[in-house]
Amino acid sequence: MTLRLDSADEGFEARFAELLSSKRESSQDVSDTVAAIISDVQRRGDAAVLDYTNRFDRTNYAVNDLRIGPDAIATAAAGVSDRVRGALQTAHDRIKAHHEKQKPSDHIYTDALGVTLGTRWTPVDAVGIYVPGGLASYPSSVLMNAVPAKVAGVARIAMVVPTPDNEINPAILLAAQIAGVTEIYRIGGAQAIAALAYGTDTIASVDKVVGPGNAYVAAAKRQVFGQVGIDMIAGPSEVLVIADSSANPAWVAADLIAQAEHGAGARSILVTTDRALADMVDREVDRQIALLPDPTNAREGWDKYSAIITVSSLRQATDLANRIASEHVELALDDPRAILDDIRHAGAIFIGHHTPEAIGDYVGGSNHVLPTAGTARFASGLGVLDFMKRTSLLGCDPGSLSALAEAAEILAEVEGLDGHGRSVSIRSNR
């Protein structure tokens, strides 16, 4: 049975704080294991990658098998139904169109003193994309990671995807083909992250690694950060639905289940001003979970990690939402825009009764790679800027240098950096 909370109850704050602090990530300490794998890949390169891949994925690959060649990609992609191909193409086109609007422009100007100032944007040279391929196999993740990188102008995209028992969802390769990704390797886990970060004879290193993965992948990304950039350390998925009496309980229940079925600690929370809706949703979730072909993950996520919270007002609902800082926030309200600006901390907001979070997962156009576990307080979802670097530009002529020199020399003197001051004064014979 899922947790029920009421803001009017004595002890609510303590119980809500307990909900926020509950640990949903894997309790297994994987850090030491991952560190050993990364060190081994640094030391032995391809040989280590092969050893771990063949052991964990139950394969028998040789070095030449690591890369999926263009013929294999084309063959797999050709075998996908036109129905799936059309859906992936629709998703790609919408994601591309939205992300093209995020691309920044260079900005260069000359101020009143004649100093040239500006910002220049350039893409990262090489990016590694991690795509899950075991229990979770998501072609949509290929598009969400590859498309903004392409829009940014990244010249090289290397994709890694595990192929347990030498099997791969052909839609993964079709999505890569549609997105224009041609460098693909049959590897996963911490060894794949290490190979992307440090390089091997077969896999050239990249500058940034993005994409979701299990606890081992997350730990590996954390440990290679600094050697390469990363997008984020993503935890279990989550949704927060804010609803009032106008919401359809069956729709709300379906959205809560859609998130809970991710398993691995996924969390669904309903915050509502209507107690009757809370009761109806609670019953409806149980009814709909029983209809799933495999209810295991949804049942665990709903019973173990989720909650229904009753509050006295939408203002209180938004206050709780900002404290939770959920990956996804749905506003199941007739007038969602009335509180939209009050939601300050959320990875993505889904506006109104007809915007289920699942549309954002696939074809809405916005990115589904989002901050989790409260990190929306300071982090943003994946976008074009994650694949670009901002370089400052500064230029002085003799007149503008002269106008600024004295102040610069004074500050250098204050900081005891005589060489700094001299590098300015020598240009004006001071």
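Refer to the structure printed above.
Quick caveat: nothing in here was measured; it's all calculated off a predicted structure.

Participant: Can you tell me about the nonpolar core, naming the residues and giving the values?
Facilitator: Counting 42 residues, the largest nonpolar core has Ile 129, Leu 143, Met 159, Val 181, Ile 184 and Phe 387 as the members making the most contacts within it. Among the secondary structure elements, those contributing two or more residues to this core are α4 (70–78), α5 (82–100), β5 (126–130), α6 (139–152), β6 (156–160) and α7 (170–179). Those residues in contact with Phe 387 that sit more than four places away from it in its chain are Thr 122, Pro 123, Val 124, Val 127, Asn 145, Pro 148, Ala 149, Ala 152, Val 154, Val 210 and Leu 382. Counting 32 residues, the second-largest nonpolar core is a separate cluster that includes Tyr 52, Leu 66, Ile 187 and Val 217.

Participant: Tell me about the packing of α5 against α7, and please be specific about residues and values.
Facilitator: Relative orientation and spacing of two packed helices are given, respectively, by the angle between their axes and the distance between those axes. For the pair α5 and α7, the least separation of the axes is 10 Å and the interaxial angle reads 45°. By the angle class used here, α5 and α7 are oblique. Every pair of crossing elements has a handedness; the one defined by α5 and α7 is right-handed. Of the residues in α7, those touching α5 at Val 84, Arg 85, Leu 88, Gln 89 and His 92 are Ala 171, Leu 174, Ala 175, Gln 177, Ile 178 and Ala 179.

Participant: Residues and numbers for the pattern of salt bridges, please.
Facilitator: Scanning all chains against the criterion turns up 14 salt bridges. Arg 44 serves as the salt-bridge partner of Asp 40, at 2.8 Å between the closest nitrogen and oxygen. Taken together, the residues span about one helical turn, with Asp 40 and Arg 44 both in helix α2 (residues 31–44) at a distance of four residues. Assessed through its relative accessible area of 6%, Asp 40 is described here as buried. The partly exposed category is assigned to Arg 44, whose relative accessible area is 36%. Among the salt bridges present, the one from Arg 299 reaches Asp 286, with a minimum N-O distance of 3.1 Å. With Arg 299 in helix α12 (residues 296–305) and Asp 286 in helix α11 (residues 275–289), this pair connects stretches of sequence that are 13 residues apart.

Participant: How would you sum up helix α1 (residues 12–21)? Please name residues and give values.
Facilitator: When α1 is considered as a whole, its buried residues turn out to be Phe 12, Phe 16 and Leu 19. Take α1 and look down its axis: the buried residues cluster within an arc of 55°, on one side only. In α1, those exposed residues whose orientation departs by more than 90 degrees from the buried face are Ala 14, Glu 18 and Ser 21. Close packing links the buried residues of α1 with β1 (3–6), β11 (267–272), α12, β12 (307–310) and α13 (314–324).

Participant: So what's going on with the packing of aromatic side chains? Which residues, and what values?
Facilitator: By convention here, two paired aromatic rings are described through the distance between centres and the angle between planes. If you walk through the whole model with that rule in mind, you get two aromatic pairs. Ring centres of Phe 12 and Phe 16 lie 5.7 Å apart, and the angle between their planes is 20°; this geometry places the pair in the stacked category. In this pair, Phe 12 and Phe 16 both sit in helix α1, four residues apart, roughly one turn of the helix. Side by side, Phe 12 and Phe 16 carry an identical accessibility label, which is buried. Measuring from ring centre to ring centre gives 5.9 Å for Tyr 52 and Phe 56, while their planes differ by 20°; the resulting arrangement is stacked.

Conventions adopted
- Residues numbered from 1 in each chain as written.
- Predicted model: local features only at pLDDT ≥ 70, side-chain atom pairs only at ≥ 80, totals over all residues.
- Heavy atoms only, no water.
- Core = buried A, V, L, I, M, F, W, Y, C linked by side-chain atoms within 4.5 Å.
- Buried < 20%, exposed > 50% of the residue type's maximum accessible area, 1.4 Å probe, protein only.
- Helix = DSSP H or I, 4+ residues; strand = E, 2+ residues; numbered from the N terminus.
- Contact = heavy atoms within 4.5 Å.
- Axes fitted to C-alpha atoms, helices over the stretch in contact; angles between N-to-C directions.
- Parallel < 35°, antiparallel > 145°, perpendicular 65-115°, else oblique.
- Left-handed = near helix turned anticlockwise from the far one by under 90°.
- Salt bridge = Lys/Arg side-chain N within 4 Å of Asp/Glu carboxyl O.
- Arc of directions from axis to C-beta.
- Phe/Tyr/Trp six-rings, centres within 6.5 Å; stacked < 30°, edge-to-face > 60°.

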